[in-house]
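Working through the structure, step by step
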Amino acid sequence: MARIPYPEFAPDFDMPTPIYGSPHDATLLNVFRVLGHSPALLTAVANIGHTQLTQGELPDPDRELVILAAGRCFGADYVWAQHEQLAAEFGLRADQLTALRERRLTADCFDGPQRDLLAFVSAVAATTRVEDALFQRVRERHGDRGVVEIIALTGVYFLVSRITTTLDVDIDSRELDSALSAAGHPQD
């Protein structure tokens, strides 16, 4: 049970994007429900999440790899619960999910670029500066925009992780199929 109650929403409050559910029925994801204590913040977080999902240049599997790695770095079971199925639908294999769950970020099931991406996320999560050689490898693979998107995604999932861990936000029981179809993902 969450440490603070989920708020009631004003009848005229609308989510900026439908992929996270509606505040007026039981479909709104719990992280957004608790963010409803600050409607402007909820709107900002929903907008940035939607942007990262639909307008980012990171390939879907890499985006989910970043999200799951960040969630593990920050100890957020909520993030894992919400994204494990998505990551599988976007192409991460069962052995990769197991390695991520167990925080084995250098496991052989990841190729070199994936290990670099995981090391980059871990460094962003734990330190103030990524070492130059790793930074260059990730930049060569993903470009400047990709580097910014990876850092921002890690940062957003720090926020989501701390909201969900500090407030003991309940893991949602609903599937994310409607979120995927609303966003037009996974890509066929």
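Quick summary incoming for the structure in this document. (Residues numbered from 1 in each chain as written. Predicted model: local features only at pLDDT ≥ 70, side-chain atom pairs only at ≥ 80, totals over all residues. Heavy atoms only, no water.)

Topic: the overall build of the chain
Of regular secondary structure, the chain possesses eight helices and zero strands. Its C-alpha atoms give the chain a radius of gyration of 16 Å, near enough to 16 Å, the size a compact globule of 188 residues would have. Each of the three principal axes of the chain carries a C-alpha extent, and together these read 50 × 35 × 30 Å. The contacts of the chain with a sequence gap of at least 6 include a subset with a gap of at least 24, amounting to 66%. Just so you have it, the chain exposes about 9,500 Å², and 53% of that area is on carbon and sulfur atoms. Between the averaged position of the 16 positive side-chain charges in the chain and that of its 27 negative side-chain charges there is a distance of 7 Å. (Helix = DSSP H or I, 4+ residues; strand = E, 2+ residues; numbered from the N terminus. Rg over C-alpha atoms; globule rule 2.2 N^0.38 Å. Contact = heavy atoms within 4.5 Å. Areas by Shrake-Rupley, 256 points an atom, 1.4 Å probe, with all protein chains shown as cover. Lys, Arg positive; Asp, Glu negative; His and termini not counted. Charge placed at Lys NZ, Arg CZ, Asp CG, Glu CD.)

Observations regarding the side chain of D172
Its place among the elements puts D172 in the loop between helix 7 (132-166) and helix 8 (177-183). Using a relative accessible area of 14% as the deciding quantity, one classes D172 as buried. One polar contact links D172 to Y78, side chain to side chain, over a distance of 2.3 Å. D172 has contacts with L28, L29, N30, Y78 and Q82, leaving out every residue within four places of it along the chain. (Buried < 20%, exposed > 50% of the residue type's maximum accessible area, 1.4 Å probe, protein only. Polar contact = N/O pair within 3.5 Å; in protein donor to acceptor, adjacent residues only side chain to side chain.)

Here's the deal with the packing of helix 3 (residues 60-73) against helix 4 (residues 77-89)
Between helix 3 and helix 4, the least distance of the axes is 9 Å, while the angle of their chain directions is 155 degrees. Judged by the angle between their axes, helix 3 and helix 4 are roughly antiparallel. Crossing geometry of helix 3 relative to helix 4 is assigned as left-handed. Contact residues: E64, I67, L68, G71 and R72 in helix 3; D77, V79, W80, H83, E84, L86 and A87 in helix 4. Looking at side-chain class alone, the contact of helix 3 with helix 4 contains six nonpolar, two polar and four charged residues. (Axes fitted to C-alpha atoms, helices over the stretch in contact; angles between N-to-C directions. Parallel < 35°, antiparallel > 145°, perpendicular 65-115°, else oblique. Left-handed = near helix turned anticlockwise from the far one by under 90°. Nonpolar A, V, L, I, M, F, W, Y, C, P; charged D, E, K, R; others polar.)

As for the environment of F90
Within the secondary structure, F90 sits in the loop between helix 4 and helix 5 (94-101). Residues F90 and P59 lie 31 residues apart in sequence; the distance between their C-alpha atoms is 9.1 Å.

Considerations on the pattern of salt bridges
Within this structure, the stated rule accounts for eleven salt bridges. We note a salt bridge from D95 to R93, for which the minimum N-O separation is 3.1 Å. The class for D95 is partly exposed, based on a relative accessible area of 37%. A residue is classified by how much of its surface remains accessible, and R93, at 42% relative accessible area, is partly exposed. In this structure, the salt-bridge partner of E102 is R104, at a minimum N-O distance of 2.8 Å. Residue E102 is classed as partly exposed on the basis of its relative accessible area of 47%. When its relative accessible area of 39% is taken as the criterion, R104 is described as partly exposed. Because the salt bridges share partners, they merge into one network encompassing E57, R145 and E149. (Salt bridge = Lys/Arg side-chain N within 4 Å of Asp/Glu carboxyl O.)

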